[in-house]
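Structure assessment
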Amino acid sequence: MEETNESPFMKYLRKDRLPNIFCAGCGNGTVLNAFFKGMEMAQMDLNNINMASGIGCSSRIPGYVKCDSLHTTHGRPISFATGIKLGNPNMDVVVFTGDGDAAAIGGNHLIHGARRNIDLTVICINNSIYGMTGGQISPTSPQGSYGSTAPYGAFERPFDLAELVSAAGATYVARWTTAQPLQLANAIKNALNNKGFSFVEAVSQCHTYYGRKNKMKSPLEMLRWMKDNSINKRKADKMNPEELVGKLIVGEFVNKNQAEYSQELYNLIEEKSGNRSKSIKSAYMGD
Amino acid sequence: MIKLDPNLCKGCNICMEFCPKKVYEQSKTLDKKGVHIPIPKNQDKCSKCNLCALMCPDQAIKVEEDDEQ
Ligand SMILES: Cc1ncc(C[n+]2csc(CCOP(=O)(O)OP(=O)(O)O)c2C)c(N)n1
Ligand code: SF4
Ligand code: SF4
Ligand code: SF4
Ligand SMILES: [Mg+2]
């Protein structure tokens, strides 16, 4: 039984590691709550979940969760997760990553994971900046936004991650913000249920770096900004690009069924080597 | 009943901002960590929507159902 004075999510957390290391009001903790809520709605067992993350504030999340996890090298969690899934396709594999981790150094792993449609649930916390290392511009920083590496404002064009991963072939893609935690939890539920590459972009507040550099120094200012500028994809699809400047398009981008990579690979092994593949596997099982 | 763990709360005020029923109030005093811990003052107005607990980045809130007391 859970203790009555505790958050409903405390039973999933490594209590001895709390309070978490995140700045007061950082969106990472809210995304974690939304994950637990989504996991409950999907009726998924935490004991069967294996997490992987890269490097960044967002990538520290799995370390707080009572499940097996790999805290890997910067940009590589999808590669490690691919290994977990192919080693044991019965695991539910979840990746926590940041915009820098997933889209800059790890950009190739992201698109190829999507292209293969391997059954992973990737939760990318997009705070539009490198939080952990001091506010450098990331591939998702909006044009004109300020960062420690863009004192005159970023002039590069950013990636739209949900669109990028959709185009690369993911079979479930959604984007919500930390100001819409219920919708975010629901998207995570759908992502966990999807048998294939699922990508949930959680737009989140790093008020410490992104906020302070962009005239929104408190988490509340950043949450209001996200709430006020979100437009549902269904509505946005009927608007023209000028009307959408500075807006955050939220909602479901892709939800479809397609052949999944680990399943296909195991089918191939079965087909080509039949019993032999079982004997190879048993060598590693001990008997 | 709202249970707010002062050891976990970092005083970000997200619960206060997002509660649709304005249950939380800003405290006037700082706690030993130097933060203002919100006070769940208007508990009679709480609709038990659980939004505060879902948003709290530090898992500091429990919204108790009436029959749990
Ligand atoms: C190979 C390598 N290059 C660079 C770094 C430095 N580094 C650590 S975290 C990080 C960026 C993190 O940004 P993001 O993934 O958006 O995470 P956030 O902190 O914003 O959640 C960088 C560049 C590193 N640890 N390893
Ligand atoms: S630096 Fe930014 S991303 Fe990192 S914990 Fe602080 S608010 Fe969160
Ligand atoms: S949301 Fe949580 S951490 Fe923030 S003030 Fe409320 S109880 Fe404290
Ligand atoms: S449960 Fe809902 S109404 Fe009650 S305090 Fe929390 S946010 Fe406010
Ligand atoms: Mg980031």
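These remarks concern the structure in this document. Quick caveat, the model's predicted, so the values are computed rather than measured. (Residues numbered from 1 in each chain as written. Chains lettered and ligands numbered in written order. Predicted model: local features only at pLDDT ≥ 70, side-chain atom pairs only at ≥ 80, totals over all residues. Heavy atoms only, no water.)

By definition of the ideal shapes, a tetrahedral metal site with four donors has angles of 109.5 degrees and an octahedral site with six donors has angles of 90 or 180 degrees. All names here are of chain A. Here the magnesium ion (ligand 5) is held by the protein donor atoms D99 (OD), N127 (OD1) and I129 (O), which lie 2.0 to 2.2 Å from it. Along the chain, the residues donating to the magnesium ion (ligand 5) are arranged with the sequence spacing D-x27-N-x1-I. Taken together, the residues D99 in helix 3 (residues 99-105) and N127 in the loop between strand 4 (121-126) and strand 5 (129-130) connect sequence positions 28 residues apart. Assessed through its relative accessible area of 10%, N127 is described here as buried. (Donors = N, O, S within 2.8 Å, 3.2 Å for Na, K, Ca; no water. Helix = DSSP H or I, 4+ residues; strand = E, 2+ residues; numbered from the N terminus. Buried < 20%, exposed > 50% of the residue type's maximum accessible area, 1.4 Å probe, protein only.)

On to the pattern of salt bridges. Side chains bearing opposite charge may pair, as long as their charged atoms lie close to each other. All names here are of chain A. A complete count under the given rule lists 12 salt bridges over all chains for this structure. For K195, the salt bridge goes to E260, with nearest N and O atoms at 3.8 Å. Highlighted residues: K195 in the loop between helix 6 (181-193) and strand 8 (198-203) and E260 in the loop between strand 10 (248-255) and helix 10 (261-273), separated in sequence by 65 residues. The partner of D237 in a salt bridge is K233, with the nearest N and O atoms 3.1 Å apart. Owing to a relative accessible area of 53%, D237 belongs among the exposed residues under this scheme. On the basis of relative accessible area, K233 is assigned to the buried category, the value being 16%. (Salt bridge = Lys/Arg side-chain N within 4 Å of Asp/Glu carboxyl O.)

The next subject is the pairing of strand 10 of chain A. Residue and element names in this part refer to chain A. Looking at chain direction, strand 7 (residues 172-177) and strand 10 are connected through 4 bridges and run antiparallel. Of the residues in strand 10, the one forming a bridge with V173 is V254. As judged from the 3 bridges shared by strand 9 (residues 230-232) and strand 10, these two strands associate in the parallel manner. Along strand 10, the bridge assignment pairs I231 with I249. (Pairing = 2+ DSSP bridges.)

Right, let's talk about unusual backbone geometry for a bit. Looking along the chain, the bond that leaves L18 of chain A and enters P19 of chain A is cis, with omega of -5°. On the secondary structure map, P19 of chain A appears in the segment before helix 1 (28-41). For K22 of chain B, which is not glycine, the phi torsion reads 55° and is therefore positive. Topologically, K22 of chain B is positioned in the loop between helix 1 (14-18) and strand 2 (24-25).

Residues and elements named next belong to chain A. Ordered by their spatial adjacency, 8 strands build an open sheet running 2-1-3-4-8-7-10-9, and the pairing between neighbours is mixed. A strand with exactly one partner marks an edge of an open sheet, and here the two such strands are strand 2 (68-71) and strand 9. For this sheet, the mean inter-axis angle between neighbouring strands, taken without regard to orientation, is 20°. Taken together, the 5 bridges between strand 3 (residues 92-98) and strand 4 define a ladder with parallel strand orientation. Bridge pairing in strand 4 places T97 opposite C124. Taken strand by strand, helix 6 contacts strand 3, strand 4, strand 7, strand 8 and strand 10, and its axis lies near 165° from that of strand 7. (Axes fitted to C-alpha atoms, helices over the stretch in contact; angles between N-to-C directions. Contact = heavy atoms within 4.5 Å.)

Okay, the packing of aromatic side chains next. Residue and element names in this part refer to chain A. Summed over all chains, the structure comprises 6 aromatic pairs over all chains. Each ring, one from F22 and one from Y64, has its centre 5.9 Å from the other, and the planes form 70°; the classification is edge-to-face. Here Y64 lies in the loop between strand 1 (49-53) and strand 2 and F22 lies in the segment before helix 1, a separation of 42 residues in the sequence. Residue classification places F22 among the buried residues on the basis of a relative accessible area of 7%. Note on F35 and F96: the rings are 5.6 Å apart at their centroids and 75° apart in plane angle, and the pair reads as edge-to-face. Remark: F96 occurs in strand 3 and F35 occurs in helix 1; sequence separation between them is 61 residues. Of the residues examined, F35 reaches a relative accessible area of 0% and is grouped as buried. Members of the aromatic cluster, each reached through a chain of ring pairs, are F9, Y12, F35, F36 and F96. The ring of Y209 carries R212 above its face, with NZ or CZ at 5.5 Å from the centroid. Here the guanidinium or amino end of K233 rests over the ring plane of F253, the centre of that ring lying 5.3 Å away. (Phe/Tyr/Trp six-rings, centres within 6.5 Å; stacked < 30°, edge-to-face > 60°. Lys NZ or Arg CZ within 6 Å of the ring centre and 35° of its normal.)

Fair warning: the whole summary comes from geometry, so function is off the table for now.
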